[in-house]
Protein chains: 2
Amino acid sequence: MRVLVMLDGTPGGTLADPDATHVRVDDLGVTRGDGVFESVLVVDGAPRELDAHLDRLARSAAMLELPVPDRSAWAAAVRTVLAAWPLAGEMAVKLVCTRGPEYGDGGPTAFALGFEVPAKSRRNRTAGVTAVTLERGFDPAIVERAPWLLLGAKTLSYAVNMAANRYAESVGADEVIFIAADNTVLEGPTSTVVLVTDRTLRTPPPTSGVLLGTTQAALFRAAERAGWTTKVEPVDRAELTAADGLFVVSSIRKISRIRALDGVALPDATDLCTELNALYESEY
Amino acid sequence: MRVLVMLDGTPGGTLADPDATHVRVDDLGVTRGDGVFESVLVVDGAPRELDAHLDRLARSAAMLELPVPDRSAWAAAVRTVLAAWPLAGEMAVKLVCTRGPEYGDGGPTAFALGFEVPAKSRRNRTAGVTAVTLERGFDPAIVERAPWLLLGAKTLSYAVNMAANRYAESVGADEVIFIAADNTVLEGPTSTVVLVTDRTLRTPPPTSGVLLGTTQAALFRAAERAGWTTKVEPVDRAELTAADGLFVVSSIRKISRIRALDGVALPDATDLCTELNALYESEY
């Protein structure tokens, strides 16, 4: 089941056939991966963290100097998707904006695509995942001084992220944790890394060259309210295996515990994961 | 003027309207920049370095574990484009293959798009260009041990390349030369870097994390035949300004001299550029 809405300037956008073609071959989203996106979890018709997703979409677009529809147009398109979505329970909406056709008369290509949460993502929430650390190549010190590297922007240029996932699969792992050249922890190809030590939640900061996580932020808010300590600060690779619990967090995955890292079993964090997911759910 | 041929399995592909839509919104080329491409120069109906382009397309696809049409299908699609192209002189054909729709029944999206050589590219061949060096972030030592970074693959994930070009434009420069973390020279966002010192042509090697240049290879072949020395070896950033001539080379641009680098005028290499272009043209 998929529901597609094209943001074509009409109020709420226009419902369109997701199996039909809506993108030209010269669209810079196709030829250059030149665009931005967000994936929003929806539970029983209610989008989660939509404001945070739209904030991040706007930040990513600014880093790409990309004109995108305004947030009211995105919010209206999400409503149109949800009004046409026939199922209860969880689903997700992907928001995409490209720079549009290279030979067109200007204007981005923007759409909202509703889709079902993949069975694997649901399963991993309870079963946990295995992960490998993979080098990402850059030193975090470059983030500030090289804005053209788009570190921290959620762009459509995800070929490396997809290749990292394939590499993980080839060595029997479910997930990747990228490591920077200075041996600090970055993020997953499509997730935020969170670790827990002595009832303190930690995640790497944007200055490390990672995306601000919308689900991580919701989790940290809930945890702070419940009396936990939270820290957004650089994390050394060696700290990953020393933690009480290590997690990959994303809108679609929610919070999945990592059972084994680089082939080595980690402490059992099943109860901790249940506790964190309960904290996160308490936000809604 | 554009001529589009979709590689849809029919012999020679199928001519299609380039102003119509042919790509689904869930195509992994759109949502993940997950695909490969090549741009081939054609002069008076004859594609240049087509074998080298198809070799590189196959190498890129292998690095992405991407099933692509075989080379005879690409060659036939190029012939279909050229048969439908009504103009003499120069044009170019872009070959693109994506991983196809995420929710489709499998199979890549592949097409060949004929287009006119941009006026700016033609102008820069004679007028020369200005360039800035920009950090690319990685150390070449990572190329071999981190294949998931896809260094040396010509993928559709070019958001950083496009952002680097925009950055160059914002500081009044035409081109970018990427520099690695170890201060060695890489390539341009869409070009190969060639420098000439004492009648020796040099360009950085693939082990530096750059694409093998098809036009650079043709130039080096011609130069070797004419008695020049050529070297494919690491180049230090400091060597750029000490060279007799510094050039950006690509299929569409051919060979353009860099007049100024990081705001500093370089030695006048007008005659050298004319000589190199004559060498390159002697290949055809």
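Residues numbered from 1 in each chain as written. Chains lettered and ligands numbered in written order. Predicted model: local features only at pLDDT ≥ 70, side-chain atom pairs only at ≥ 80, totals over all residues. Heavy atoms only, no water.

## Here we look at the interface of chain A and chain B
Right, on to step 1. Counting residues at the interface gives 52 residues for chain A and 52 residues for chain B.
Right, on to step 2. For the chain A and chain B pair, buried surface summed over both sides reaches about 4,600 Å², with 61% attributable to carbon and sulfur atoms.
Right, on to step 3. In terms of surface lost to chain B, no three residues of chain A exceed V25(A), R32(A) and W148(A), which account for 18% of the buried area on that side.
Right, on to step 4. As a salt-bridge pair, D34(A) and R166(B) come within 3.9 Å of each other at their nearest N and O atoms.
Right, on to step 5. Taken together, the links from chain A to chain B amount to 20 residue pairs in polar contact (both at pLDDT 80 or more).
Right, on to step 6. A per-element tally of the side of chain A that touches chain B places helix α6 (residues 159-170) of chain A first, with seven residues.
Right, on to step 7. Of the residues contributing to the side of chain A that touches chain B, the split by class is 28 nonpolar, 10 polar and 14 charged. (Contact = heavy atoms within 4.5 Å. Buried area = accessible area lost by both parts, 1.4 Å probe. Salt bridge = Lys/Arg side-chain N within 4 Å of Asp/Glu carboxyl O. Polar contact = N/O pair within 3.5 Å; in protein donor to acceptor, adjacent residues only side chain to side chain. Helix = DSSP H or I, 4+ residues; strand = E, 2+ residues; numbered from the N terminus. Nonpolar A, V, L, I, M, F, W, Y, C, P; charged D, E, K, R; others polar.)

## Overview of the packing of helix α7 (residues 214-225) of chain B against helix α9 (residues 270-281) of chain B
Residue and element names in this part refer to chain B.
Right, on to step 1. Where α7 meets α9, the closest approach of the two axes is 8 Å, and the angle between their N-to-C directions is 95°. As far as their axial angle goes, α9 and α7 are roughly perpendicular. In contact with T215, A218, L219, A222 and A223 of α7, α9 contributes L276, L279 and Y280.
Right, on to step 2. Here the contact of α7 with α9 is composed, by residue class, of seven nonpolar, one polar and no charged. (Axes fitted to C-alpha atoms, helices over the stretch in contact; angles between N-to-C directions. Parallel < 35°, antiparallel > 145°, perpendicular 65-115°, else oblique.)

## Looking at the relation of the copies chain A and chain B
Right, on to step 1. For these two chains of identical sequence, chain A goes onto chain B by a turn of 180° and a shift of 0.0 Å along the axis, with RMSD 0.0 Å. Expressed as a symmetry operation, the mapping of one chain copy onto the other fits a two-fold axis.
Right, on to step 2. Taken as a fraction of all interface residues of chain A, those also at the interface in chain B reach 100%, which identifies the copy contact as same-surface. (Least-squares fit on C-alpha atoms with pLDDT ≥ 70 in both.)

## Observations regarding the domain arrangement of chain A
Residues and elements named next belong to chain A.
Right, on to step 1. You can read the domains of chain A as domain 1 (2-117) and domain 2 (122-281).
Right, on to step 2. Once you take the C-alpha centre of each, domain 1 and domain 2 turn out to be 25 Å apart.
Right, on to step 3. Taken together, the contact pairs 26 residues of domain 1 with 22 residues of domain 2.
Right, on to step 4. Joining domain 1 to domain 2, the criterion identifies four salt bridges.
Right, on to step 5. Ionic pairing is found between E90 and K254, a salt bridge with its closest N-O pair at 2.8 Å.
Right, on to step 6. At the boundary of domain 1 with domain 2, the tally comes to 13 residue pairs in polar contact (both at pLDDT 80 or more).
Right, on to step 7. Contributing elements (two or more residues each) for the side of domain 1 that touches domain 2: α1 (28-32), β3 (35-43), α2 (50-63) and β5 (90-98).
Right, on to step 8. Broken down by class, the residue content of the side of domain 1 that touches domain 2 amounts to 11 nonpolar, seven polar and eight charged. (Domains from an automatic or database assignment.)

## What about α6(A)?
Right, on to step 1. With 12 residues, α6(A) ought to run about 16 Å at 1.5 Å a step, and its terminal C-alpha atoms sit 16 Å apart, in line with that.
Right, on to step 2. Within α6(A), the full set of buried residues consists of A159(A), V160(A), N161(A), M162(A), A163(A), A164(A), R166(A) and A168(A).
Right, on to step 3. Next to the buried residues of α6(A) lie β7 (129-135) and β8 (175-179) of chain A together with α1 (28-32) of chain B. (Expected span 1.5 Å × (residues − 1). Buried < 20%, exposed > 50% of the residue type's maximum accessible area, 1.4 Å probe, protein only.)

## Some points on unusual backbone geometry
Right, on to step 1. Of note, the phi angle at D198(A) is positive, near 50°, even though the residue is not glycine.
Right, on to step 2. Tracing the backbone through its elements, the reader meets D198(A) in the loop between β9 (192-197) and β10 (200-203).
Right, on to step 3. Non-glycine residue N183(B) carries a positive phi angle of around 70°.
Right, on to step 4. Tracing the backbone through its elements, the reader meets N183(B) in the loop between β8 (175-179) and β9 (192-197).
Right, on to step 5. The partly exposed category is assigned to N183(B), whose relative accessible area is 37%.

## Overview of the nonpolar core
Right, on to step 1. In terms of nonpolar packing, the biggest core is built from 94 residues, with V93(A) and V93(B) touching the most fellow members.
Right, on to step 2. Non-local contacts of V93(A), meaning those with residues more than four positions away in its chain, are made with E38(A), S39(A), V40(A), V42(A), V78(A), V81(A), L82(A), A112(A), L113(A), G114(A) and F115(A).
Right, on to step 3. Membership of the second largest hydrophobic core comes to 27 residues, among which are V23(A), V96(B), F111(B) and L113(B). (Core = buried A, V, L, I, M, F, W, Y, C linked by side-chain atoms within 4.5 Å.)

## What to know about the packing of aromatic side chains
Right, on to step 1. In total, this model carries six aromatic pairs over all chains according to the counting rule given.
Right, on to step 2. Geometrically, the ring pair formed by W148(A) and Y167(B) is tilted, given 4.7 Å between the ring centres and 55° between the ring planes. You can see W148(A) sitting in the loop between α5 (142-145) and α6 and its partner Y167(B) sitting in helix α6 (residues 159-170), one on each of two chains.
Right, on to step 3. Judged by its relative accessible area of 6%, W148(A) is buried.
Right, on to step 4. For Y167(B), a relative accessible area of 31% corresponds to the partly exposed category. (Phe/Tyr/Trp six-rings, centres within 6.5 Å; stacked < 30°, edge-to-face > 60°.)

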